[in-house]
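# Commentary on secondary and tertiary structure
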Amino acid sequence: MQKNPVSLVRYEKSIESVRKAVELSKGFDHLTHNARVFIKPNIVFWTTSVPFPKWGVITTSRVIEDMVVLLKEHGIDHITIGEGIAANPRNKEIPKHAFETLGYGVLKKKYGVNTINVMERPFRKVDLGDDIHLNFNVDILESDFIVNLPVIKTHSQTVVSLGIKNLKGMIDVPSRKKCHSTDTQKDLNVMIAGLWKKMPPMLTLQDGIYTLERGPWFDGKAHRSNLLVASTDILAADLVSAKILGYDMDDVPHLKHAMTQRESGFTLSDIEVIGEAIESVAKHHAHGFAYQASDKGDMPVGLSRCGIEGLYYRKYDLSICTYCSHINGTVLSAIRSAWQGTPWEDVEVLTGKIMKPQPGMKKTILLGKCMCKENKGHPDIKEEILVPGCPPKSEDIFAALRKAGITPDPKFIEKIEKLPASFMARYAKKPAFDESFFRIKEI
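Keep in mind that what you see is a predicted model, and the values were worked out from it rather than measured. (Residues numbered from 1 in each chain as written. Predicted model: local features only at pLDDT ≥ 70, side-chain atom pairs only at ≥ 80, totals over all residues. Heavy atoms only, no water.)

For the protein chain, the helix and strand inventory stands at 17 helices and 18 strands. Its C-alpha radius of gyration of 22 Å places the protein chain within 12% of the 22 Å reference for a compact globule of 443 residues. If you line up the protein chain on its principal axes, its C-alpha atoms span 65 × 45 × 45 Å. Of all 443 residues assigned to the protein chain, the portion counted as buried reaches 57%. (Helix = DSSP H or I, 4+ residues; strand = E, 2+ residues; numbered from the N terminus. Rg over C-alpha atoms; globule rule 2.2 N^0.38 Å. Buried < 20%, exposed > 50% of the residue type's maximum accessible area, 1.4 Å probe, protein only.)

Counting across every chain of the model gives 17 salt bridges. Taking the shortest distance from any N to any O, the salt bridge between Asp139 and Arg121 comes out at 2.9 Å. Taken as a pair, Asp139 in helix H5 (residues 138–141) and Arg121 in the loop between strand E4 (114–117) and strand E5 (123–127) lie far apart in primary sequence, 18 residues in all. Here Lys243 and Asp248 are joined by a salt bridge, their closest N and O atoms 2.5 Å apart. Among the charged side chains, a network of salt bridges with common partners joins Glu16, Arg19 and Glu73. (Salt bridge = Lys/Arg side-chain N within 4 Å of Asp/Glu carboxyl O.)

Here the focus is the sheet that holds strand E18 (residues 384–387). In space, the four strands of this open sheet follow the order E15-E16-E17-E18, with parallel pairing throughout. Sheet topology places strand E15 (311–313) and E18 at the edges, where each strand pairs with a single neighbour. Strand-to-strand twist in this sheet, taken as the mean axis angle between neighbours without regard to direction, amounts to 15°. Note that E15 and strand E16 (residues 347–350) share three bridges and pair parallel. Across the sheet, the residue bridging to Tyr313 is Val349, located in E16. Where helix H13 (residues 322–338) meets the sheet, its contacts fall on E15 and strand E17 (363–367), and the angle it forms with E15 comes to roughly 165°. The strands touched by helix H15 (residues 394–403) within the sheet are E17 and E18, with E18 carrying the most contacts at an inclination of about 170°. (Pairing = 2+ DSSP bridges. Axes fitted to C-alpha atoms, helices over the stretch in contact; angles between N-to-C directions. Contact = heavy atoms within 4.5 Å.)

Inspection of the secondary structure puts Asn328 in helix H13. When sequence neighbours within four positions are dropped, the list of residues in contact with Asn328 reads Tyr291, Tyr313, Tyr316 and Thr351.

A separate point is the environment of Gly82. In this structure, Gly82 sits in strand E3 (residues 78–83). Sequence-distant contacts of Gly82, defined by excluding residues within four places in its chain, comprise Phe38, Ile39, Lys40, Pro41, Ile116, Val118 and Met170.

Two numbers describe how helix H1 (residues 16–25) lies on helix H2 (residues 61–73): the axes approach to 9 Å, and their chain directions differ by 60°. If you check the angle between H1 and H2, you find them oblique. Viewed along their axes, H1 and H2 form a crossing whose handedness is right-handed. In this structure, H1 uses Val18, Arg19 and Val22 to contact H2, whose residues at the interface are Val63, Asp66, Met67, Leu70 and Glu73. (Parallel < 35°, antiparallel > 145°, perpendicular 65-115°, else oblique. Left-handed = near helix turned anticlockwise from the far one by under 90°.)

Aromatic rings considered in pairs are described by the distance between their centres and by the relative angle of their planes. For the structure on display, the rule yields 15 aromatic pairs. Ring centres of Tyr210 and Phe433 lie 5.7 Å apart, and the angle between their planes is 25°; on these two criteria the pair is classed as stacked. Taken together, the positions of Tyr210 in strand E10 (residues 202–213) and Phe433 in the segment after helix H17 (419–422) put the pair 223 residues apart, joining distant regions of the chain. Classification of Phe433 by relative accessible area gives buried; the value is 15%. Judged by its relative accessible area of 2%, Tyr210 falls in the buried class. Put simply, the rings of Tyr11, Trp55, Tyr210, Tyr427, Phe433 and Phe437 touch in pairs and so form one group of aromatic residues. Lying over the aromatic face of Phe52, Lys54 brings its terminal NZ or CZ to 4.9 Å of the ring centre. (Phe/Tyr/Trp six-rings, centres within 6.5 Å; stacked < 30°, edge-to-face > 60°. Lys NZ or Arg CZ within 6 Å of the ring centre and 35° of its normal.)

Turning next to the nonpolar core. Core analysis: the largest hydrophobic core is formed by 91 residues, its most contacted members being Met67, Leu71, Leu205, Leu311 and Ile335. In this structure, Leu205 is in contact with Val18, Ala21, Val22, Val63, Met67, Asn148, Leu149, Pro150, Leu228, Val229 and Ala230, ignoring residues within four places of it in sequence. By size, the runner-up hydrophobic cluster in this structure holds 50 residues, among which are Ile116, Ile146, Leu239 and Leu255. (Core = buried A, V, L, I, M, F, W, Y, C linked by side-chain atoms within 4.5 Å.)

Before going further, it helps to spend a moment on unusual backbone geometry. For the bond running from Gly215 to Pro216, omega is 15°, close enough to zero to count as cis. As for its placement among the helices and strands, Pro216 is situated in the loop between E10 and strand E11 (221–231). The omega torsion of the bond from Cys390 to Pro391 falls at 0°, within 30 degrees of zero and hence cis. Assignment of secondary structure puts Pro391 in the loop between E18 and H15. In this structure, Ile15 is a non-glycine residue whose phi angle is positive, near 70°. Positionally, Ile15 belongs in the loop between strand E1 (4–10) and H1. Here Ile15 falls in the buried class, since its relative accessible area comes to 17%. One non-glycine residue with positive phi stands out, namely Val159, at about 70°. Among the structural elements, Val159 can be located in strand E9 (residues 159–161).

By themselves, these figures tell us nothing about what the structure is for.
This is the structure in structure tokens:
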């Protein structure tokens, strides 16, 4: 039985390392010269307010340009880079700013590459089987070949975020929210497992120049790993990168589900890893933030170490969608800034779609439209504090905290837009964390 080839290459030199990864994986063997190619990077977050640590969060512009050059060498003239950034879909300035800052405009000048914000393009409903229907961007569906360029990272909800998870950026907002279902038989892992099934032929090249621990956001910890993983079999590539991060298929529910959806299942033993040995480059990356359990509810370890008492902030679950999970870290940082050593009055914060209030709490903050809809008027709530919105606005969140007796530092509220920049400090003066990887040189 022929094994599925996956190349595992150390990134050493621009273009040559990517070339080696593509050639070893036979990535272009079925790419015709007149093909319309769609490149899908990973831009999970962007802000126009401040610089932030992109390492391990966003696909490097270096790898994208290297791939474009290889495609041009192969005779490809029609290349489109497309992404649906996890931001307010009505805000067209954020994607525009991201594409320009990352150098995609320069790619257009140098190579004629087109760039699209998929949130401004049409979507088409796709039947993924098992009564799962999601709306996909038409440009990727109508391409002849896809180059999928995820980052190698762990993820607080899905354990890893690799090739399959990266395709979630190609579905519209209602479909993204649908993925975070309250149906335990169709949870996030089940919903995303088949995102690859109706795609055109695809090469997945995973960018591990920088890998990310406790991703997918900027508050994770980046590592300079200098790795590239490539395969025309998306699941094979994901299994190899998951192993590099320290996880077997059974540790990653969506990969396990994806395997069952193939005509013939396989394991890591059915994959031929070409280049480096997995064992020589593997390094465990934690995927979740630690929480400390109590009889009244969970508390993030980071808050409990501060000595915070009288607050119960339960651990996020799979039902919290991208838009509310995005603000979760901000809320926790605001709470930390408010702690003055005096216990709060048994306040609980509920998120996502399925959490229920704990009897005996004196104040219950319902964070987000879904939580408000689920628990408004619940008999176990003594004092209800609603924070509607999808996602809620920062000013409404802070108003709710104040109503619960939690008063964040006013300076924190003023600097909320600059919070992502504060995470730059951990990488300051470390030459390995080089911003030039996210720039494209002008002609």
